[in-house]
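Residues per chain are reported as follows:
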Amino acid sequence: MNKTTPATVPAAKAPAPLKSAPSRPEPGPERSTGSRIGELVQRQGVLAVLLTVILIASFVYPTFASLDNARGVTVQASFLAIVALGMTLVIITGGIDLSVGSVFALGGVLAAWASQWGFLAALLVPLVVCGAIGLVNGVLIARANMAPFIVTLASLLAARGMLLAFTDEGATTYLVPKDSAFAELGQGSVWGFGHPILIALALFGAGGVLLQRTSFGQTLFAVGGSSDAATLMGLPVARTKILVYTLSGLLAGLAGALNAARLSSGVTIVGVGMELDAISAVVIGGTLLIGGAGSVSGTLWGVLLLAVIQNLINQIGSLNSSYQSVVSGGFLIVVVVAQRYLARSRRTT
């Protein structure tokens, strides 16, 4: 009988000595200098251009640097700034809102009409109606998956039609009662600065906090970067889009109401082309049209740049206001081309 030899069990290997954890994390790949410069130019380039234009204009036209002129420029810019703030939130999510100009005009007429019943009515009526228009835009875009361009273009026509129907084709002009609290809201001032300026600054401060310090703001950037990825992350994409379009309608209505308070009447011809000015200010301020990046401070500088250009044209005197559109269009083309170049350079670094 053959004897079987016992199987030899290999000796267990001694455990490898534990490596000590590094005292600090490994540094990640540093961004190139060109990438950092490109990001800085995208964020603060418009501010540098604005300061340069103001400096040159102050030397060429002494009246440009006067305090009265500065107050006039900023008051006129405050209405566009409020509208552009809502447009900034919409564009960051990758959308567009073409209805804000008509909603702005409708809000002014409704505010003037409701001012006969007091201050609260003059504010609440345009906010409710214009906010409802924005809500409908958001629901159709987010729930029905309709194109923002088509939906807001239809709202532009609908709001302008409502305006004309409410004013008998523009034949009826509603006036704001003189010396009323609502008129004071648009015409009053604090330390020489008009109430619309202070309201616009407060709204931009709140918008900056909303974008940079809240989860809702981070959701806006995520939705604009990739809606599908945001959905996979469990973010409320549809609700976010509905909210930003509602906010855009509310802000456009508020700006219209403030404008009516300042003019003491609901003017029907205002707001034509205002949506294009708002989009120009937002894009010139560094917000990407494709969404996912932007800031409210850049939008504010963009609005002021457009207002300064308009004021310079008035200072020259020999040029009419149509040249503002030419200059604004030139700025817009340059900024869009620069954004494409900077985005391409960041992808290659």
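Residues numbered from 1 in each chain as written. Predicted model: local features only at pLDDT ≥ 70, side-chain atom pairs only at ≥ 80, totals over all residues. Heavy atoms only, no water.

A.B. asks: With reference to specific residues and values, describe empty space enclosed by the protein.
C.D. replies: In the structure shown here, the tally under the stated rule is 1 cavity of 30 Å³ or more. When residues of the lining of the largest cavity are traced back to their parent elements, those giving at least two are helix 3 (100-114) and helix 10 (237-263). A per-class count over the lining of the largest cavity returns 6 nonpolar, 5 polar and no charged. (1 Å grid on protein atoms, 1.4 Å probe; cavity = no way out; pocket = protein on both sides within 12 Å on 5 of 7 lines; lining within 4 Å. Points joined across faces, edges and corners; volume = space filled by probe spheres on them. Helix = DSSP H or I, 4+ residues; strand = E, 2+ residues; numbered from the N terminus. Nonpolar A, V, L, I, M, F, W, Y, C, P; charged D, E, K, R; others polar.)

A.B. asks: I'd love a proper account of the pattern of salt bridges, names of residues and values included.
C.D. replies: Per the counting criterion, the structure on display carries 1 salt bridge. Across the pair Arg71 and Asp68 runs a salt bridge whose closest N-O atoms are separated by 3.7 Å. Taken as a pair, Arg71 and Asp68 lie in helix 2 (residues 67-92) at a separation of 3 residues, close to a single helical turn. We classify Asp68 as exposed; its relative accessible area is 60%. (Salt bridge = Lys/Arg side-chain N within 4 Å of Asp/Glu carboxyl O. Buried < 20%, exposed > 50% of the residue type's maximum accessible area, 1.4 Å probe, protein only.)

A.B. asks: Would you mind going over helix 4 (residues 119-142) in detail, with residue names and values included?
C.D. replies: Over its 24 residues, helix 4 runs 34 Å from end to end, which matches the ideal 34 Å to within 8%, given 1.5 Å per residue. Buried within helix 4 are the following residues: Ala122, Leu123, Pro126, Cys130, Gly131, Ile133, Gly134, Asn137, Gly138, Ile141 and Ala142. Close packing links the buried residues of helix 4 with helix 3, helix 5 (148-166), helix 6 (181-187) and helix 10. (Expected span 1.5 Å × (residues − 1). Contact = heavy atoms within 4.5 Å.)

A.B. asks: So what's going on with the packing of aromatic side chains? Which residues, and what values?
C.D. replies: Here the structure, examined in full by the defined rule, presents 3 aromatic pairs. Their ring planes at 85° and their centres at 5.3 Å tell us that Trp113 and Phe166 sit as a pair that is edge-to-face. Taken together, the residues Trp113 in helix 3 and Phe166 in helix 5 connect sequence positions 53 residues apart. Of the residues examined, Trp113 reaches a relative accessible area of 27% and is grouped as partly exposed. On the accessibility criterion, Phe166 (28% relative accessible area) is partly exposed. (Phe/Tyr/Trp six-rings, centres within 6.5 Å; stacked < 30°, edge-to-face > 60°.)

A.B. asks: Describe the side chain of Ser115, listing the residues and the values that go with them.
C.D. replies: Locating Ser115 in the fold gives a position in the loop between helix 3 and helix 4. Residue class for Ser115 comes out buried when judged on its relative accessible area of 6%. A polar contact of 2.7 Å, which involves the side chain of Ser115, links it to the backbone oxygen of Ala112. Leaving out residues up to four positions away in the same chain, Ser115 has contacts with Ala122, Leu175, Val176, Pro177 and Phe182. (Polar contact = N/O pair within 3.5 Å; in protein donor to acceptor, adjacent residues only side chain to side chain.)

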